[in-house]
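Descriptive structure summary
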Amino acid sequence: MSGWKHAFSLSKEQVRDATPPGTVTLIEHRTSSTNGQASADDAGIIKYPLPSSDPADPLNWPTWRKMALLATVSLYAFVANFTSADIAAALQLWPKFFPTDPQSESNLVHLIAVNVLFLGVANIWWVPLSNWMGRRPVLLIATLLLTLCTVWAGLATSYHSLLAARIFQGIGGAPADTVAPALVGDVFFMHERGRAMAIYTLWLCLGPIVGGIVGGYIAFNMGWTYIFWIGTALSGACFLSVALLVPETLYSGERPILEHTHGSAESEKGDLTVHVEQSSCTNYAPFTFFRSLGFKRPRGSLLRASMAPWLTLVFPGTWVVMFHYAGLVGGIVTISTLGAQLVAAPPYLWGANAGLINIGGLIGAILGVIYTYVVADLRLTSRAKRERHGYAEPEDRLPTMFPALAIATCGFFVFGFCAQYPGEKVWVALEVGYGMITFGLLQIPSIGFNYIIDSYSYRAADCFLCVTILRAIISFSWTFFVLQWSEKDGPAEAFGIFGMLMGIFSLLTVPLWLWGKRSRIATAKRLDNSARLTPQTN
């Protein structure tokens, strides 16, 4: 019987009791001394994955090191997207700074579009390299490339030189969307990832928003090149932070194996029986600061690592998160590009203030991170406490996304309609529509990426590659064509179609929520079960 046919032939009880990859025992129900029943009140959270005794194991690192790593990858995500979007509001000044190299508005928009494209597709080689040679060397090379190419952009004296610099700038920023979130999965326990990803996501989303706001002011008041000199300083800070604060997080040592059995479905107690197989190695070298600066030998085959990401397309979760992320980021990039052009034209004539169109996005991002930070892990643990076996399912996170995706879909229609019919106060509605989309975007890395990490563990970075490639293609396409499309048929039609597509993408969450565990049962053999991480009792 095929995996899919078998998975959908199981009864609800069989599915509930199954433990495919991604289903873990998060809560240990301790037996009450009064009546022998398991109680959520006396339930203890179980750490998952189970760390080894090695101080070099990322799960054993002290809190300060984990927080420093989270701050560094969050800064990298911010800077990569800041440098991508900071020229949007300054494009109107091109004739002033490049009088001998005139370009049409559509050509100038390509300076943003190509950067966005390579922020995604460059992960075709970054992700396999990170799985082969490690996260640390990839982040060092990428942040150095980002720094050098931002310098190149500041020194460029022609459109084509700047276009080439923007391409390589995007390549240098690409791992911020794939390798960086994989680090969060490497060092944080399952019940901690939601909040950690919320922090990362906030800075990821603030990058293009803040870049869009300040880019125009920098160009108008300080000059075109200062956009890139400030970007150079930020990129250089990323490189130094990675060099000093981000050790290698790919752990290749042995971790204990936990075997657990539950009582039968008819059992009144449903006790948890635990057997832990400890690693044979007990003598570990101290994990000093100087040791943390080192590198590890490449592992496995680079060719095999290059092929692995495409095999993750068999997982339904990859497709759903891929469509969510592509649609919302495509909308944000398009609005940050087109929005500045709209408010720079009559009846608004904002001039140097054109970047303030991003204020709505900033407010939406702040509200989104508050919502996600509060509910992301809370729902997962509360569901596990009510579950008989204390199981945590990745699908338990998904309902958190429903209201946010609905709000974001409506945001496309609000922005498009108001852009079509400008008026003295209509800019307020443009800001509201932008904020609605940004609010939804915050949920995708926070909830969607965590769903991938929880479900597919060590294959998460491979899944992120597919997610970011489609995101880059859609963002590039929308940004590349939206200006001409809006001029020809009006922004209401363009954003109406974007909103319709986003609505379809959002509805895909429902079958994943209802049948996601069955799909994980069906695709369980696609994961190397021997490499799965295992839980630990707190």
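Here the structure is a predicted model, which is why all the values come from computation and not from measurement. (Residues numbered from 1 in each chain as written. Predicted model: local features only at pLDDT ≥ 70, side-chain atom pairs only at ≥ 80, totals over all residues. Heavy atoms only, no water.)

This brings us to the state of the cysteines. Taken as a whole, this structure holds zero disulfides when the rule is applied. We note that Cys 463 lacks a disulfide partner, and the nearest cysteine sulfur, in Cys 466, lies 6.9 Å from it. Using a relative accessible area of 0% as the deciding quantity, one classes Cys 463 as buried. (Disulfide = S-S within 2.5 Å. Buried < 20%, exposed > 50% of the residue type's maximum accessible area, 1.4 Å probe, protein only.)

Looking now at the packing of helix H7 (residues 135–155) against helix H11 (residues 225–245). With their axes 8 Å apart at the nearest point, H7 and H11 run at an angle of 165 degrees to one another. Classed by the angle they form, the pair H7 and H11 counts as roughly antiparallel. The two elements H7 and H11 meet at a crossing, and its hand is left-handed. Contact residues: Arg 136, Leu 139, Leu 140, Thr 143, Leu 144, Leu 146, Thr 147, Thr 150, Val 151, Ala 153, Gly 154 and Leu 155 in H7; Thr 225, Phe 228, Trp 229, Gly 231, Thr 232, Ser 235, Gly 236, Cys 238, Phe 239, Val 242 and Ala 243 in H11. Its residues placed into classes, the contact of H7 with H11 shows 13 nonpolar, nine polar and one charged. (Axes fitted to C-alpha atoms, helices over the stretch in contact; angles between N-to-C directions. Helix = DSSP H or I, 4+ residues; strand = E, 2+ residues; numbered from the N terminus. Parallel < 35°, antiparallel > 145°, perpendicular 65-115°, else oblique. Left-handed = near helix turned anticlockwise from the far one by under 90°. Contact = heavy atoms within 4.5 Å. Nonpolar A, V, L, I, M, F, W, Y, C, P; charged D, E, K, R; others polar.)

On to the nonpolar core, then. Among the nonpolar cores identified, the biggest contains 125 residues, and Leu 111, Leu 328 and Phe 495 are the most heavily contacted of them. Residue contributions to this core peak at 13 residues, all from helix H14 (residues 316–344). Not counting residues within four places of it along the chain, the set of residues in contact with Phe 495 comprises Thr 334, Ile 335, Leu 338, Phe 412, Phe 415, Gly 416 and Val 482. Counting residues in hydrophobic clusters, the runner-up holds seven residues, among them Leu 26, Met 190, Leu 380 and Ala 384. (Core = buried A, V, L, I, M, F, W, Y, C linked by side-chain atoms within 4.5 Å.)

By secondary structure assignment, the location of Lys 385 is in helix H15 (residues 359–386). The class of Lys 385 is partly exposed, set by a relative accessible area of 33%. Sequence separation between Lys 385 and Leu 26 is 359 residues; the distance between their C-alpha atoms is 8.4 Å.

Now for the packing of aromatic side chains. Any pair of aromatic rings gets described here by the distance separating the centres and the angle formed by the planes. All told, the structure shown has 24 aromatic pairs when counted by the stated rule. When the centroid spacing of 6.0 Å and the interplanar angle of 35 degrees are considered together, the rings of Trp 319 and Phe 323 count as tilted. Within this pair, Trp 319 and its partner Phe 323 are both found in helix H14, separated by four residues, close to a single helical turn. Each ring, one from Tyr 325 and one from Phe 449, has its centre 5.2 Å from the other, and the planes form 75 degrees; the classification is edge-to-face. (Phe/Tyr/Trp six-rings, centres within 6.5 Å; stacked < 30°, edge-to-face > 60°.)

The residue Gly 339 is located in helix H14 in this model. Residue Gly 339 is classed as buried on the basis of its relative accessible area of 1%. Put simply, Gly 339 and Tyr 434 are 95 residues apart on the chain and 9.2 Å apart in space, counted from C-alpha to C-alpha. Excluding residues within four positions of it along the chain, Gly 339 makes contact with Thr 334, Ile 357 and Phe 415.

Looking now at the packing of H14 against helix H17 (residues 427–441). With their axes 10 Å apart at the nearest point, H14 and H17 run at an angle of 155 degrees to one another. Compared by their axis directions, H14 and H17 come out roughly antiparallel. In terms of crossing hand, the pair formed by H14 and H17 is left-handed. When H14 is examined against H17, the residues Tyr 325, Leu 328, Val 329, Ile 332, Ile 335, Ser 336 and Val 343 are found in contact with a partner set consisting of Leu 430, Tyr 434, Ile 437, Thr 438, Gly 440 and Leu 441. In the contact of H14 with H17, the residues fall into ten nonpolar, three polar and no charged.

With that settled, consider unusual backbone geometry. Here the amide bond leading from Pro 346 into Pro 347 is cis, since omega sits at 5 degrees, within 30 degrees of zero. Looking at where Pro 347 falls in the secondary structure, it is placed in the loop between H14 and H15.

Moving on, we get to helix H21 (residues 509–522). Note: α-helices contain 3.6 residues per turn, so residues at a spacing of three or four share the same orientation. The end-to-end C-alpha distance of H21, which contains 14 residues, comes to 18 Å, matching closely the 20 Å that a straight helix rising 1.5 Å per residue would cover. At Trp 515, H21 shows its strongest bend, of approximately 70 degrees. Within H21 the residues assigned to the buried category are Thr 509, Leu 512, Gly 516, Lys 517, Arg 518, Ser 519, Arg 520, Ile 521 and Ala 522. On its buried face, H21 is in contact with helix H1 (3–7), helix H2 (12–17), H14, helix H16 (401–420), helix H18 (443–456) and helix H20 (491–507). (Expected span 1.5 Å × (residues − 1). Bend = angle between axes of the 7 residues up to and from the residue.)

Once that is clear, we can look at H11. Under the 1.5 Å per step criterion, the end-to-end length of H11 is 30 Å for 21 residues, consistent within 8% with the ideal 30 Å. Residues Ile 227, Phe 228, Gly 231, Thr 232, Ser 235, Cys 238, Ser 241, Val 242 and Ala 243 constitute the buried set of H11. Contacts made by the buried residues of H11 are with helix H3 (63–85), H7, helix H8 (159–173) and helix H10 (190–221).

Here we take up a nonpolar patch on the surface. A grouping of Trp 4, Phe 8, Val 510, Trp 513, Leu 514 and Trp 515 is seen on the molecular surface, where their side chains present a nonpolar patch of about 590 Å² in accessible area. The greatest single-element share of the nonpolar patch, amounting to four residues, is contributed by H21. Looking at the element boundaries, Leu 514 is found in helix H21. On the basis of relative accessible area, Leu 514 is assigned to the partly exposed category, the value being 47%. (Patch = residues over 30% accessible without salt bridge, like charges linked within 9 Å, V, L, I, M, F, W, Y side chains within 5 Å. Areas by Shrake-Rupley, 256 points an atom, 1.4 Å probe, with all protein chains shown as cover. Salt bridge = Lys/Arg side-chain N within 4 Å of Asp/Glu carboxyl O.)

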